[in-house]
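What follows is the residue order along each chain.
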Amino acid sequence: MRAAVLSNFGVPLQLAELPVPEPGPGELLIQVRACGVCHSDLHLAEGDWDLLKRITKMPLVLGHEITGVVAAMGPDTDGFSLGDRVGVPWLHWTCGKCEYCVSGRETLCGEQAITGVTVDGGYAEYVKAKASHVARVPDNLSLEEAAPLFCAGLTVYKALKSSGIRAGETLAVFGIGGLGHLAVQIAVAQGVRVAAIDIAPAKLELAKECGATWLIDPAKEQPRKALRSVGGAHVAMVCSGAKSAYETAFPCVRKGGTLVVVGMPADPIPVSAVTLVAGELRIIASAVGTRADLAELLELASRGGIRCRYETQPLANAADALDRMKRGEITGRVVLTPDRE
Ligand SMILES: [Zn+2]
Ligand SMILES: [Zn+2]
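Residues numbered from 1 in each chain as written. Chains lettered and ligands numbered in written order. Predicted model: local features only at pLDDT ≥ 70, side-chain atom pairs only at ≥ 80, totals over all residues.

**Focus on the overall build of the protein**
Of the regular secondary structure elements, the protein holds 12 helices and 18 strands. Of all 341 residues assigned to the protein, the portion counted as buried reaches 47%. Pairs at least 24 residues apart make up 70% of the contacts formed inside the protein by residues separated by at least 6 positions. (Helix = DSSP H or I, 4+ residues; strand = E, 2+ residues; numbered from the N terminus. Buried ≥ 20, exposed ≤ 12 C-beta atoms within 10 Å, placed from the backbone. Contact = placed C-beta atoms within 7 Å.)

Given below as structure tokens:
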């Protein structure tokens, strides 16, 4: 099969011919129809995150926003049939036995395997997945539009859920990229009023299409002032990986509000203890989501409220897609389609 392979950190992906994986007990072989290109893929490829660098398989097939159809089944995969439409998330496998797994927090499982990090992912014609951890894609969602829900969508869905934001409250989303534009839609679908903050006019335009009430370009007006005039943000969610986005976001949170950490700059984020205490602010972080979160999100998406903006690219353009992402040139999501030339 064809795959875009990372042979070492910092080296461009290269197309290579690999053997088709063989599904073992409890495993499915999936023919990949779509795989989203996530910002994490860029960080992984460049070895930016020490925590993950240590456990990254090498050489590696990246990609953890995968949808496709079941092409073969190993033993103990009852309930699946050839041709079933499924998706594979970041969380490739969890132990099901540790304190986190048994308390509904499997994203924290210490034994977890990660798609496109510790095991090969979806920048390939085929991928192997655990039947226990794949999700079915609702019939009314195309495989291309569903793929980004498996990481970008899931991450912001779970982050919003953890923030406790309610209908009628104000959410400020910093960075309207793949995650941000889905965060806007998910929040709007839940009756939340959204302020979108980005320096790129095209991304603010996208936020508007996604239902944002306020569009703020920090180069033109101070987000803190703009948000204060509407009462401040109950929740500020930073989807950008820029440290400066955190500096801008923190003062936008109203008293008693919450800063949600989603985007991951390599450097520590600056936080004032005085501001935290004086405003009784909370800072929470959220890592992808559980299988239950994913099922809720897919259900929400199937009701029609959430549409990922994407463009498709052939597998051969995977390296180029990462380059464009690095330069900030992508609006929405790039989805690779390995079954097409
Ligand atoms: Zn991701
Ligand atoms: Zn576990």
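That covers the picture; the talk isn't over yet.
**Overview of the sheet that holds strand S14 (residues 233–238)**
Taken in spatial order, the six strands make up an open sheet running S13-S12-S11-S14-S15-S16, and their pairing is parallel. In this open sheet, the two strands that pair with only one neighbour each are strand S13 (214–216) and strand S16 (282–285). Averaged over all adjacent pairs, the angle separating strand axes in this sheet is 20°, with direction ignored. In terms of strand pairing, strand S11 (residues 170–174) meets strand S12 (residues 193–197) through five bridges, oriented parallel. What sits directly across from Leu171, in S12, is Val194. (Pairing = 2+ DSSP bridges. Axes fitted to C-alpha atoms, helices over the stretch in contact; angles between N-to-C directions.)

**Section: the domain arrangement of the protein**
Here the protein is described as being made up of domain 1 (2–150 + 289–336) and domain 2 (153–285). Relative to domain 2, the C-alpha centre of domain 1 lies at a distance of 26 Å. The interface is formed by 19 residues belonging to domain 1 together with 17 residues belonging to domain 2. For the side of domain 1 that touches domain 2, the element with the most residues is helix H11 (residues 291–302), which contributes four residues. Taken together, the residues of the side of domain 1 that touches domain 2 sort by class into 10 nonpolar, five polar and four charged. (Domains from an automatic or database assignment. Nonpolar A, V, L, I, M, F, W, Y, C, P; charged D, E, K, R; others polar.)

**Here's the deal with the environment of Gln190**
Relative to the helices and strands, Gln190 resides in the loop between helix H6 (178–189) and S12. Note: C-alpha distance between Gln190 and Leu300 (110 residues apart in sequence) is 9.8 Å.

**Let's talk about the sheet that holds strand S4 (residues 60–61)**
One open sheet holds the three strands; their spatial order is S2-S1-S4, and the pairing between them is antiparallel. Two strands in the sheet have a free side with no partner beyond their single neighbour: strand S2 (14–17) and S4. As defined by bridge partners, strand S1 (residues 2–6) adjoins S2 across four bridges and the pair is classed as antiparallel. Counted as the bridge partner of Arg2 is Glu17 from S2.

**Points about the nonpolar core**
Grouped together as the largest cluster of nonpolar side chains are 98 residues, with contacts concentrated most on Val156, Ala172, Val173, Ala183, Ala236 and Met237. Domain assignment of the residues forming this core places at least three in each of domain 1 (2–150 + 289–336) and domain 2 (153–285). Once you skip the residues sitting within four places of it in the chain, Ala172 turns out to touch Ala195, Ile197, Leu227, Ala233, Ala236, Ala249 and Cys252. (Core = buried A, V, L, I, M, F, W, Y, C linked by C-beta atoms within 7 Å.)

**Considering the pairing of strand S3 (residues 27–36)**
Moving residue by residue along a regular strand, the side chains alternate between the two faces of the sheet. S3 sits mainly inside the fold: eight of its 10 residues count as buried. Direction of pairing for S3 relative to strand S9 (residues 126–130): antiparallel, over a ladder of five bridges. Along S9, the bridge assignment pairs Leu28 with Ala129. The sheet contact formed by S3 and strand S18 (residues 333–336) spans two bridges and is antiparallel. Of the residues in S18, the one forming a bridge with Gly36 is Val335.

**Notes on the environment of Val271**
Examined against the element boundaries, Val271 turns out to sit in the loop between strand S15 (253–261) and helix H10 (273–278). Among the residues examined, Val271 registers 14 C-beta atoms within 10 Å and is labelled partly exposed. In this structure the C-alpha to C-alpha distance between Val271 and Pro251, which are 20 residues apart in sequence, comes to 9.9 Å. Non-local contacts of Val271, meaning those with residues more than four positions away in its chain, are made with Phe250, Leu276 and Ile283.

**Quick look at the packing of helix H1 (residues 39–46) against helix H12 (residues 318–326)**
Two numbers describe how H1 lies on H12: the axes approach to 10 Å, and their chain directions differ by 100°. Here H1 lies roughly perpendicular to H12, going by the angle between them. In this structure, H1 uses His39, Asp41, Leu42 and Ala45 to contact H12, whose residues at the interface are Leu322, Met325 and Lys326. Its residues assigned to classes, the contact of H1 with H12 comprises four nonpolar, one polar and two charged. (Parallel < 35°, antiparallel > 145°, perpendicular 65-115°, else oblique.)

**Looking at H1**
Residues spaced three or four apart along an α-helix point in a common direction, a consequence of the helix completing one turn every 3.6 residues. Taken together, the buried positions of H1 are His39, Ser40, Asp41, Leu44 and Ala45. In this structure, the buried side of H1 is in contact with S1, helix H2 (50–53), H6 and H12. Of the residues one or two after H1, Gly47 is the one with positive phi, at around 70°.

**A few points about the packing of helix H5 (residues 152–163) against H6**
How two helices pack is summed up by the angle between their axes together with the distance between the axes. Taken N-terminus to C-terminus, the directions of H5 and H6 make an angle of 50°; their axes are 8 Å apart at the nearest point. When the axes of H5 and H6 are compared, the pair comes out oblique. Here H5 and H6 pass one another in a crossing that is right-handed. Facing Ala152, Gly153, Thr155, Val156, Tyr157 and Leu160 of H5, the residues of H6 in contact are Gly178, Leu179, Leu182, Ala183, Ile186 and Ala187. Taken together, the residues of the contact of H5 with H6 sort by class into nine nonpolar, three polar and no charged. (Left-handed = near helix turned anticlockwise from the far one by under 90°.)

**Digging into unusual backbone geometry**
A cis amide bond, omega -5°, links Met58 with the succeeding residue Pro59. Within the secondary structure, Pro59 sits in the loop between H2 and S4. With a phi angle near 45°, Glu280 is a residue other than glycine that sits in the positive phi range. Mapped onto the fold, Glu280 is located in the loop between H10 and S16. Residue Glu280 is classed as exposed on the basis of its C-beta count, with 9 C-beta atoms lying within 10 Å. Its identity as a non-glycine residue notwithstanding, Val288 has a phi of 30°, on the positive side. Relative to the helices and strands, Val288 is located in the loop between S16 and H11. By the C-beta count within 10 Å, which is 22 here, Val288 ends up buried.

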